[in-house]
Amino acid sequence: MGFNYALEKKKFDQEWNRLRKEYEDAGMSSKVIQELYEYDWADFKSNRIYAMHTQPIPVAFTEEGGHDFESKSPLLEKFFSAMSVNDDYTNVSRYAWIDEIEDESISKKLRQLAPTDLELLTMIVVLGFDQAEIARIQNCSRNTICKKFKRIKQFLP
């Protein structure tokens with residue numbers, strides 16, 4: 001359903017005629033009333049733009065994964081593949097990033113690390129934590145984390 005500009009503008013104008021009279025009766029200055037009108041007018045235009053650029057997803061499409069393509073909106077049909085993502089992380093290990101390392105010697109050494117050291121590297125490499133955050137998570141000092149990193153660096157080639 002589109003935005004019926006004429007109808008909505010008529011409602012807006014009627015409401016503002018009522019509000020303008022109410023504001024004048026309350027003793028507001030015409031400058032303040034005009035500022036309020038301009039704010040509401042900008043909001044009206046923003047809502048119109050939003051309504052013109054969005055479309056609801058039909059109920060037939062959302063119920064239990066149904067795919068009633070006849071009732072879909074044109075935008076949904078056009079961009080369906082961009083909106084649909086199927087990721088299967090059920091068989092992926094937390095340390096799968098090690099398999100992506102191209103240097104086989106480093107990859108082999110990383111697999112030999114203790115689980116606590118692998119977890120530490122995962123928190124840095126994959127999750128993007130800094131040393132202070134890791135120290136807070138593991139309830140230890142930042143100096144301890146730094147020492148663990150030095151030990152890991154010496155172990156790796």
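Since we're looking at a predicted model, the values are computed, not measured. (Residues numbered from 1 in each chain as written. Predicted model: local features only at pLDDT ≥ 70, side-chain atom pairs only at ≥ 80, totals over all residues. Heavy atoms only, no water.)

(A) Representation of the confidence of the model for the chain within the structure. Of the residues in the chain, 77% reach a pLDDT of 70 or more, and the chain-wide mean stands at 81. Across the chain, the secondary-structure element scoring lowest on mean pLDDT is helix α3 (residues 59-62), at 51, and the one scoring highest is helix α1 (residues 5-25), at 94. (pLDDT = per-residue confidence, 0-100. Helix = DSSP H or I, 4+ residues; strand = E, 2+ residues; numbered from the N terminus.)

(B) Expanded view of the packing of aromatic side chains. The final tally for this structure, using the stated rule, is 7 aromatic pairs. An angle of 50° between the planes, with centres 5.4 Å apart, marks the rings of F12 and W41 as tilted. Of this pair, F12 sits in helix α1 while W41 is found in helix α2 (residues 30-52), placing the two residues 29 residues apart along the sequence. Between W16 and Y23, the ring centres sit 5.8 Å apart and the planes meet at 65°, which makes this aromatic pair edge-to-face. Residue classification places W16 among the buried residues on the basis of a relative accessible area of 3%. An aromatic cluster is present here, built from Y5, F12, W16, Y23, Y37, W41 and F44 joined pairwise through their rings. Across from the ring centre of F155, 4.7 Å away, lies the NZ or CZ of K109, which sits over that ring. (Phe/Tyr/Trp six-rings, centres within 6.5 Å; stacked < 30°, edge-to-face > 60°. Buried < 20%, exposed > 50% of the residue type's maximum accessible area, 1.4 Å probe, protein only. Lys NZ or Arg CZ within 6 Å of the ring centre and 35° of its normal.)

(C) View of the nonpolar core. Ranked by size, the top nonpolar core spans 13 residues in total, and within it L110, L113, L120, L121 and I145 carry the most contacts. Those elements giving two or more residues to this core turn out to be α7 (115-125), α8 (131-137) and α9 (142-155). A total of 4 residues in this core trace back to one element, the largest contributor, which is α7. Setting aside residues up to four positions removed in sequence, L121 forms contacts with W97, L110, L113, V126, F149 and I152. In this structure, F3, F12, Y23 and Y37 belong to the second largest nonpolar core, which totals 8 residues. (Core = buried A, V, L, I, M, F, W, Y, C linked by side-chain atoms within 4.5 Å. Contact = heavy atoms within 4.5 Å.)

(D) Quick look at the environment of E133. Summarising the element assignment, E133 is placed in helix α8. When the C-alpha positions of E133 and M123 are compared, they lie 9.4 Å apart, and in sequence the two are 10 residues distant.

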